[in-house]
Amino acid sequence: MMRARVPLLLLGILFLASLSASFATSLREEEESQDNPFYFNSDNSWNTLFKNQYGHIRVLQRFDQQSIRLQNLEDYRLVEFRSKPETLLLPQQADAELLLVVRSGSAILVLVKPDDRREYFFLTSDNPIFSDHQKIPAGTIFYLVNPDPKEDLRIIQLAMPVNNLQIHDFFLSSTEAQQSYLQEFSKHIPEASFNSKFEEINRVLFAEEGQQEGVIVNIDSEQIEELSKHAKSSSRKSLSKQDNTIGNEFGNLTERTDNSLNVLISSMEMKEGALFVPHYYSKAIVILVVNEGEAHVELVGPKGNKETLEFESYRAELSKDDVFVIPAAYPVAIKATSNVNFTGFGINANNNNRNLLAGKTDNVISSIGRALDGKDVLGLTFSGSGEEVMKLINKQSGSYFVDGHHHQQEQQKGSHQQEQQKGRKGAFVY
């Protein structure tokens, strides 16, 4: 009897475990159906790693923890760095490839290489077309200076961890906020390495007296001036032949692909009332960060987490520091509710295409119609004839960015005329 009970008991445990897992999955799906899994609100999605009077470092929550639909972004993190004028981010290395984009202000970036080699970069957001960016290889010691006497520095980083899904910053310095990683070695290791007694090593490198408050510190103007001499001589042009720029009076978009990282970097500005017509990226997953301003975004994707032919719209009202993820092949439209600008990172960017669903240029629907049998295909695809579909599409003479108020103004104008006609009829009757 005992032998018979054991398998039954195991079956019962397995059943309860599977039931619990199924319940957890259904609960997660229910939670995601109620919320927007692609939207990261700035108020509760950023975790502060360090903060003092001179600036802060914070990281966005992991994408795959927000939703299983963002599982392909588990190897990517967003990090934001801000610093006050004339400040220094102390030397560090990270276990991640870093791609820095200057959102506002200017920076001197110094990369320290073996054999006493250093690379200096002067990065700025002043370029009206594209903010400067720089790649930092994993494990490279670097430090960062805000040389401006008045303006704050804001940087967004795309981090690609190389060890695991977390990012670790290794600071050489020992401050009030954290210990130097060198302090974690046993005493005999630094003594042999530096050929000195531990007391002297501790006094020179780790003593509490003279410690900085944190990893972001004040720096004097003379040191900044010396660094600037090196950095400006190494600064690069902000625009290259590989850049893809589109724009008109309503907005502009510049995209640049780093083939080595398989990442697309984009900078987009839109005027209030402008609409970026429905479009999608063929294979890139785009992470959109709001630098300044506000916008309304609508994304169309499959309903729920299962394979389905049903679709739904995911809407969000975006403001400064919000993040929105646009999966590959998901159609999206963006309307600026104020003057707004974005920084974007596209993952899986090599051989990626941007396809528009409206407008005069790069419109894939009109491309179907211009094929030999395209109008017949359009007639079978939509309820109207192929000729009617093409006529409708050709009504929009703009491309990419269009006047988002146009149709609303026409509706308001029509409503106003109807009210006037009603008023005339009433006056005539009386």
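Just so it is clear, the model here is predicted, and its values are computed rather than measured. (Residues numbered from 1 in each chain as written. Predicted model: local features only at pLDDT ≥ 70, side-chain atom pairs only at ≥ 80, totals over all residues. Heavy atoms only, no water.)

**Things to note about the nonpolar core**
Thinking step 1. Among the nonpolar cores identified, the biggest contains 57 residues, and Phe63, Leu78, Leu158, Met270, Phe324, Ile334 and Phe342 are the most heavily contacted of them.
Thinking step 2. Broken down by element, the residue count for this core peaks at 6 residues, all from strand E18 (residues 285–292).
Thinking step 3. Looking at this core, you find at least three residues from each of domain 1 (39–173 + 212–237) and domain 2 (244–409).
Thinking step 4. Contacts of phenylalanine 342, omitting those with residues within four sequence positions, involve Ser266, Ser267, Met268, Met270, Leu288, Val289, Val290, Asn291, Ala295, Leu318 and Ile334.
Thinking step 5. Formed by 37 residues, the second largest nonpolar core is a distinct cluster that contains Ile57, Leu109, Tyr120 and Ala159. (Core = buried A, V, L, I, M, F, W, Y, C linked by side-chain atoms within 4.5 Å. Buried < 20%, exposed > 50% of the residue type's maximum accessible area, 1.4 Å probe, protein only. Helix = DSSP H or I, 4+ residues; strand = E, 2+ residues; numbered from the N terminus. Domains from an automatic or database assignment. Contact = heavy atoms within 4.5 Å.)

**Points about the sheet that holds strand E2 (residues 46–52)**
Thinking step 1. With antiparallel pairing, the 6 strands of this open sheet are ordered in space as E2-E3-E4-E11-E6-E9. Where the open sheet ends on each side, the last strands, each with one partner, are E2 and strand E9 (133–136). When the angles between neighbouring strand axes are averaged without regard to direction, this sheet yields 20°.
Thinking step 2. With 8 bridges joining them, strand E6 (residues 96–104) and strand E11 (residues 153–161) adopt antiparallel strand pairing. Paired with leucine 99 across the strands is leucine 158, a residue of E11. (Pairing = 2+ DSSP bridges. Axes fitted to C-alpha atoms, helices over the stretch in contact; angles between N-to-C directions.)

**With respect to the environment of glutamine 93**
Thinking step 1. Here glutamine 93 is to be found in strand E5 (residues 87–94).
Thinking step 2. For glutamine 93, a relative accessible area of 16% translates into the label buried.
Thinking step 3. Spatially, the C-alpha atom of glutamine 93 lies 8.5 Å from that of histidine 168, the residues being 75 residues apart in sequence.
Thinking step 4. Dropping the residues within four chain positions of it, glutamine 93 is found in contact with Gly139, Thr140, Ile141, His168, Asp169, Phe170 and Tyr181.
Thinking step 5. There is a polar contact of 3.2 Å between the side chain of glutamine 93 and the side chain of tyrosine 181. (Polar contact = N/O pair within 3.5 Å; in protein donor to acceptor, adjacent residues only side chain to side chain.)

**Remarks on helix H8 (residues 386–393)**
Thinking step 1. Along H8, the residues classified as buried are Gly386, Val389, Met390 and Ile393. In an axial view of H8, the angular spread of the buried residues amounts to 95°, which keeps them on one side of the axis. In H8, the exposed positions angled more than 90 degrees off the buried face are occupied by Glu388, Lys391 and Leu392. (Arc of directions from axis to C-beta.)

**Overview of the confidence of the model for the chain**
Thinking step 1. Taken residue by residue, the chain gives an average pLDDT of 84. The fraction at 70 or more is 82%.
Thinking step 2. Per-element confidence in the chain is highest for strand E21 (residues 323–326), whose mean pLDDT is 98, and lowest for helix H9 (residues 406–429), whose mean pLDDT is 45.
Thinking step 3. Scored below 50 in pLDDT, residues 21–34 makes 12 contacts in the model with residues more than four places away or belonging to other chains.
Thinking step 4. Below a pLDDT of 50 lies the segment residues 233–241, which in the model reaches 15 contacts outside its immediate sequence neighbourhood of four places, other chains included. (pLDDT = per-residue confidence, 0-100.)

**Structural notes on the pattern of salt bridges**
Oppositely charged side chains are able to pair whenever their charged atoms sit close together.
Thinking step 1. Under the defined criterion, the tally for this structure stands at 17 salt bridges.
Thinking step 2. Linking arginine 354 and glutamate 255 is a salt bridge whose minimum nitrogen-to-oxygen distance equals 2.7 Å. Here arginine 354, found in strand E24 (residues 354–356), pairs with glutamate 255, found in strand E15 (residues 251–258); they are 99 residues apart in sequence, far enough to count as distant.
Thinking step 3. Among the residues examined, arginine 354 registers a relative accessible area of 12% and is labelled buried. (Salt bridge = Lys/Arg side-chain N within 4 Å of Asp/Glu carboxyl O.)

**Remarks on a negative patch on the surface**
Thinking step 1. Together, Asp373, Asp376, Glu387 and Glu388 give the surface a local cluster of negative charge.
Thinking step 2. Locating aspartate 376 in the fold gives a position in helix H7 (residues 374–381).
Thinking step 3. Exposure remark for aspartate 376: the relative accessible area of 58% places this residue in the exposed category. (Patch = residues over 30% accessible without salt bridge, like charges linked within 9 Å, V, L, I, M, F, W, Y side chains within 5 Å. Areas by Shrake-Rupley, 256 points an atom, 1.4 Å probe, with all protein chains shown as cover. Lys, Arg positive; Asp, Glu negative; His and termini not counted. Charge placed at Lys NZ, Arg CZ, Asp CG, Glu CD.)

**Comments concerning empty space enclosed by the protein**
Thinking step 1. Within this structure, the stated rule accounts for 2 cavities of 30 Å³ or more.
Thinking step 2. The space that makes up the largest cavity amounts to roughly 110 Å³.
Thinking step 3. Lining the largest cavity are 15 residues, and of these Ser266, Met268, Tyr281, Val286 and Leu288 lie nearest its centre.
Thinking step 4. Contributing elements (two or more residues each) for the lining of the largest cavity: E15, strand E16 (263–270), strand E17 (274–281), E18, strand E22 (332–336) and strand E23 (340–347).
Thinking step 5. Of the residues that constitute the lining of the largest cavity, the class distribution is 11 nonpolar, 3 polar and 1 charged. (1 Å grid on protein atoms, 1.4 Å probe; cavity = no way out; pocket = protein on both sides within 12 Å on 5 of 7 lines; lining within 4 Å. Points joined across faces, edges and corners; volume = space filled by probe spheres on them. Nonpolar A, V, L, I, M, F, W, Y, C, P; charged D, E, K, R; others polar.)

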